[in-house]
Amino acid sequence: MKTRGVLSFAAIVVCAASCGTPQASNASPVADAAVAAPTSAAAPSAEAPVGETKPNVPEPATHAERAKVEVPIAPVAPRRLTPRKPPTMPPSLDPALTIEHQRLEGLPNDVVGFAPYSNGRWLVASGGARASVWLVAPAGIVHAEPRVFASGLDHPSAIVADGGRIFVLQRGELTELVDRDGDDVADDYRVVAELAGREFSKPRDLAVDRGLFAATFDTDGSSLAVVGSLTDGRTTIHDLRGARKARVAPGFDGAFLVLSDADEAGNRVHWIGTVPERTWSSQLFQATPDSAVLARTESTDASAGYLIAWEHRQLARVAVQSSPSGCDVTLQYAGSIDSDAKFCAATVGGEFAFLDAAASNLAIVRPTPGVSAVRGTRSFANGIELQLSEPLANDQGWEREYWAVVENDGVRWPDWVSVADDRRSVFLANEPGVPDGAQCKAYMLGDFDHSLWFNPLSIRRVRTQVGAELLRFERRPMPTGIRNALSEAEHAGGWRLLFDGVSTAGWRNYGKDGPVEGWAAENGELVRVGDGGDLVTEEEFASFELELDWRIGSGGNSGILFHVVDGFDAVWRTGPEMQILDNQEHPDGQNSLTSAGSNYALNAPEFDDTRPIGAWNHVNLLVDGAHVEHWLNGEKQCEYELWSDDWRARVAASKFAAMPDYGLAKTGRIALQNHGDRVRFKNVKVRPIAR
Amino acid sequence: MNSGVVLLALCAALVPVDRGGDRPSDPWVFRGAWNGHERVLVARLAGDLGVIYDLEHASMLTAFAGDVRDGEHGFEIDAARYTDGPEGAVWWIEEGGSAKLADARFKGHRLQNGQVTLRYELVTESGARIQIEETPEFETPESFDADPSSVAPWLVPGLIGLRRSFKATGIPPGVRVALLVRARCVGYVDYDRILPEGEREIEVGGKTLRELYARLLIEPDNGTHEIHFFFEPGQEAK
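Everything numeric here is computed off the predicted structure, so don't read it as measured data.

Colleague: How should the overall build of chain A be read in this particular structure?
Modeller: A tally of regular secondary structure across chain A gives five helices and 45 strands. Across the 691 residues in chain A, those meeting the buried criterion constitute 46%. Partitioning the intrachain contacts of chain A with sequence separation of at least 6 by distance along the chain shows that 55% fall at a separation of at least 24.

Printed below as a string of structure tokens:
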């Protein structure tokens, strides 16, 4: 019996006979050392690269003799879970929104509203008797002191700018303020609509849009809304029935959105306009204790988008989309803001500005260029369509597992997914559609850096009196070339596809000739479909950069190997391996040296950077001469120098010590390991590096 | 005290006075409620003269002295009211030999050259829209005429004068607009434009004043029509 850790010869034989196909995983270093006997007779020592002979080192001549070599065994690393990287704290605000702060100074305390004016200036209305409208510029701008734009108003409650026209809602009247001589002072106070009567004695809010106005009034315990024409003053009155402190913003198609205060059931929205059959009312939020303000930031003939801000410093997006049955209302919390929002206004450019109660802190919220957000949704009879402000990345969002739909009975993947040609909308199939009046949520899986804002969408379908049945969405075929394609920059940079998306061309089974077995191209993915062995490239690579995406089944194990040399019984005899693994379910995940992203058995990543099972993981593998880097999902897993003293010491302390050809080749094939588990690859591309 | 009606055949329109910032308060034109009227416009023309218009009927409710303060139910006048105007509808349209009350709407006010101009719109039975502009202004006997006593013996220095100037456009041919006026004053000056419906002398506080009910006629000549009232300082409407 040899020293500790070395099995008896009999045990070695039994193991060799029963183990079948040599496996690199799930075996102790000792057992591996015993079974990993190369067939070549004159194997070079592990000390020198292939083709070189290191002097003064005895060369074991036979497999048996080699098996008797005393291999220094490193202490087994204590079993420990590879820790997950501390989760990145989500940003406090949706990255698709950017806030700019301005300071307004010198305004009175009784501000009731504000509106954008020319050249970055603002009109701020004060309340009470003989009230004024002030023209103010942000602090730091010349002539920033407020000056009177209009005066003598009777308890104004709101001021709105629309198409360069200024409107004020005061007691008994909707008034337009006109500066006829361009001196930034209103000299014409035109009556747009008379709103006299006890029920109109407490005006609250005003919206103006496309020749119509809507005004809300507080009455005893409830709110009233009036929609009227700017030209002839004719009005329609809407009793909002139990709503309180109603704020109003323009909608589309002659309608306006009213947001009323929270009661025990939460905030409500009301859709009012000149066509009674198209009006509706719906609960929108969970109960919140504070008042909200809203402004429309974008609109089309059939949709409108809003930002809502609360006094307790929360922001949300709301979208209203026309549908055959009525409207689809979408809500998504967008994060926290750092000041109270007491008043708000929308600017000409679709920005959302809000002012705090002290009327001194002005914040302007703008869309962040290039960052996508969900602008709204549309219901279909067989699912829901999300509309995005920016196109998805080329191959992003195609898989159903990328999305989740939450209904009353739980979370599930959509039945299938269809991305529009412009990648600005995604349809999530969900038979039998979104139930009437139900609330469902759709959100994209992924981490905060690579996906849409993580907060789920709440979607409500509202039916109107003139609603029709929903249409069914017809599935669009996925365009070719969206995945497994190179950009012009990649072409110019010397990249080549190793997987064309439709075949296994360029690959073969290791150690075999003939058609590829056990692997197939399916739906744009290179998939392990059965036994047949590892897959290797026809071509050999010395220095290169490799990129690919992998996805593995639960408990799965695979790997990416390079510098693989023909003529051995396994690719791992010669090729270093970047591990592919389900860290959570596979035992190898208990040891960081064999966890996903590791240089198998030699270099360990510090954190588990894999995405949740089912999601795609992105690999960058750099081999530049002796220098190697493993990257996973944008995080460096490890780096090492082949053939360095450190590398040799690690190899000598590992199971590869008994594999004299391990890691010594300077060129070889790239391999994808068939470990018997489900694994998929896509977007496999390589850039050879000339040295 | 002289009293009487002076009919003058003067046709010259007075040049608007540019008062600039010479008003007793800022703002000097403001909206609010007064005396049960929900929508009024107050114009403080001078320290001794303010006017209040009822915007529901496009009519002048009162001329007063001093300031207004904010009360629980609207403005309250500190000092005396010189005179009250007629309540309710005051605009008439004479068409086809008959006169009917007009549907009069207040359309807003304009601040120009330091003066305030109120705009009204009347709609005839035939649907024609008549635009009326009224510019109220403070004046003194001296600003009215360099030699006021030559105009009328009662026009003496120290009186508080109110000029109401009207300009109309869009009056169809054959149509005449009439404004019902009521005033208690020392005297008034018109240009043969009024049709008195009642006039009498009254004794108020030891002073003899005139009380006038009349219609101011506005012809379709697109000209300016004026009427001037002069009040005794300290006189009271009631």
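After presenting the structure, the write-up continues.
Colleague: Would you explain the overall build of chain B in this entry?
Modeller: The secondary structure content of chain B amounts to one helix and 19 strands. Relative to a compact globule of 238 residues, whose C-alpha radius of gyration would be 18 Å, chain B shows 17 Å and is just as compact. Overall, the C-alpha framework of chain B stretches about 50 × 45 × 35 Å when taken along its three principal axes. Scored against the burial criterion, the 238 residues of chain B give a buried share of 44%. Considering only residue pairs separated by 6 or more positions, chain B has 58% of its internal contacts joining residues 24 or more positions apart.

Colleague: Looking at this structure, how should I read the environment of Leu-159 of chain B?
Modeller: Residue and element names in this part refer to chain B. As for its position among the elements, Leu-159 is in the loop between helix H1 (141–144) and strand E14 (160–169). Taking the C-alpha atoms as reference points, Leu-159 and Phe-229, 70 residues apart in sequence, are found 9.6 Å from one another. Once residues lying within four places of it in the same chain are set aside, the contact partners of Leu-159 are Pro-141, Val-186, Phe-230, Phe-231 and Glu-232.

Colleague: I'm lost on the sheet that holds strand E15 (residues 175–185) of chain B in this one. Help?
Modeller: Each strand in a sheet pairs with another by means of backbone hydrogen bonds, the pair being arranged parallel or else antiparallel. All names here are of chain B. Pairing within the open sheet is antiparallel, and its five strands lie in the order E10-E9-E15-E18-E17. The strands lining the two open edges of the sheet, one partner per strand, are strand E10 (98–101) and strand E17 (194–204). Strand-to-strand twist across the sheet, computed as the mean angle between neighbouring axes with direction ignored, equals 20°. Taken together, the four bridges between strand E9 (residues 91–95) and E10 define a ladder with antiparallel strand orientation. Note on E10: the bridge partner recorded for Ile-93 is Lys-100.

Colleague: Can you walk me through the interface of chain B and chain A in this structure?
Modeller: It is common to report an interface's size as the accessible area lost on association of the parts. Between chain B and chain A, the contact holds 16 residues from the first and 15 residues from the second. Broken down by secondary-structure element, the contributors of at least two residues to the side of chain B that touches chain A are strand E2 (29–34), strand E3 (37–46) and strand E11 (103–112) of chain B. Ranked by residue count, the leading element in the side of chain B that touches chain A is E11 of chain B, at seven residues. For the side of chain B that touches chain A, the residue count by class is five nonpolar, four polar and seven charged. As paired elements, strand E9 (residues 188–194) of chain A and E11 of chain B share three bridges and run antiparallel to each other.

Colleague: Looking at this structure, I do not really get the environment of Glu-539 of chain A. What am I missing?
Modeller: Along the chain, Glu-539 of chain A turns up in strand E37 (residues 535–541). For Glu-539 of chain A and Leu-498 of chain A, which are 41 residues apart along the polypeptide, the C-alpha to C-alpha distance reads 9.5 Å.

Colleague: Honestly, the sheet that holds strand E11 (residues 212–219) of chain A in this entry has me stumped. Any pointers?
Modeller: All names here are of chain A. Spatially, E10-E11-E12-E13 is the arrangement adopted by the four strands of the open sheet, whose pairing is antiparallel. Since the sheet does not close on itself, it has two edges, and those belong to strand E10 (203–209) and strand E13 (235–239), each with one partner. Pairs of neighbouring strands in the sheet enclose a mean axial angle of 15°, with direction left out of account. Note that strand E12 (residues 222–229) and E13 share five bridges and pair antiparallel. Its bridge partner being in E13, Ala-225 is matched across the sheet by His-238.

Colleague: Please clarify how the nonpolar core should be interpreted in this entry.
Modeller: A general trend in soluble globular proteins is that nonpolar side chains are found buried together. One finds Phe-114, Leu-123, Ala-214, Ala-225, Leu-257, Ala-309 and Cys-344 of chain A to be the most contacted residues of the largest nonpolar core, which totals 188 residues. Per-element accounting of this core gives the leading share, seven residues, to E15 of chain B. Once residues within four sequence positions are removed from consideration, Cys-344 of chain A is found in contact with Val-293, Leu-294, Ala-295, Ala-309, Phe-352, Ala-353 and Phe-354 of chain A. One finds Trp-550, Phe-568, Leu-621 and Ala-671 of chain A within the second-largest nonpolar core, a separate group that totals 40 residues.

Colleague: Help me understand the pairing of strand E21 (residues 326–336) of chain A in this model?
Modeller: Along a regular strand, successive side chains alternate from one face of the sheet to the other. Residues and elements named next belong to chain A. Burial analysis of E21 places nine of its 11 residues in the buried class, the great majority of the element. What sits between strand E20 (residues 314–323) and E21 in their antiparallel hairpin is a turn of two residues. Pairing of E21 with strand E32 (residues 458–463), which is carried by six bridges, proceeds in the antiparallel orientation. Each bridged residue has a counterpart across the sheet, and for Cys-327 the counterpart in E32 is Val-462.

Colleague: How do you make sense of the confidence of the model for chain B when you look at a structure like this?
Modeller: Interpretation of the predicted coordinates at a detailed level should be avoided for regions scoring low in pLDDT. All names here are of chain B. With 90% of its residues at a pLDDT of 70 or more, chain B has an overall mean of 86. The low-confidence segment residues 1–20, where pLDDT is below 50, has 37 contacts with residues more than four positions distant or belonging to other chains. What the predictor reports for the complex is a pTM of 0.78 with an ipTM of 0.91.

Colleague: Explanation requested: the pairing of strand E7 (residues 165–170) of chain A in the structure shown.
Modeller: Residues and elements named next belong to chain A. Among the six residues that make up E7, five are buried, leaving the element largely enclosed by the rest of the structure. Direction of pairing for strand E6 (residues 158–162) relative to E7: antiparallel, over a ladder of five bridges. When the bridges of E7 are listed, Ile-159 appears paired with Val-168. Hairpin connection of E6 to E7: two residues between the antiparallel strands, including Gly-163 at a positive phi of 55°.

Conventions and cut-offs
- Residues numbered from 1 in each chain as written.
- Chains lettered and ligands numbered in written order.
- Predicted model: local features only at pLDDT ≥ 70, side-chain atom pairs only at ≥ 80, totals over all residues.
- Helix = DSSP H or I, 4+ residues; strand = E, 2+ residues; numbered from the N terminus.
- Buried ≥ 20, exposed ≤ 12 C-beta atoms within 10 Å, placed from the backbone.
- Contact = placed C-beta atoms within 7 Å.
- Rg over C-alpha atoms; globule rule 2.2 N^0.38 Å.
- Pairing = 2+ DSSP bridges.
- Axes fitted to C-alpha atoms, helices over the stretch in contact; angles between N-to-C directions.
- Nonpolar A, V, L, I, M, F, W, Y, C, P; charged D, E, K, R; others polar.
- Core = buried A, V, L, I, M, F, W, Y, C linked by C-beta atoms within 7 Å.
- pLDDT = per-residue confidence, 0-100.

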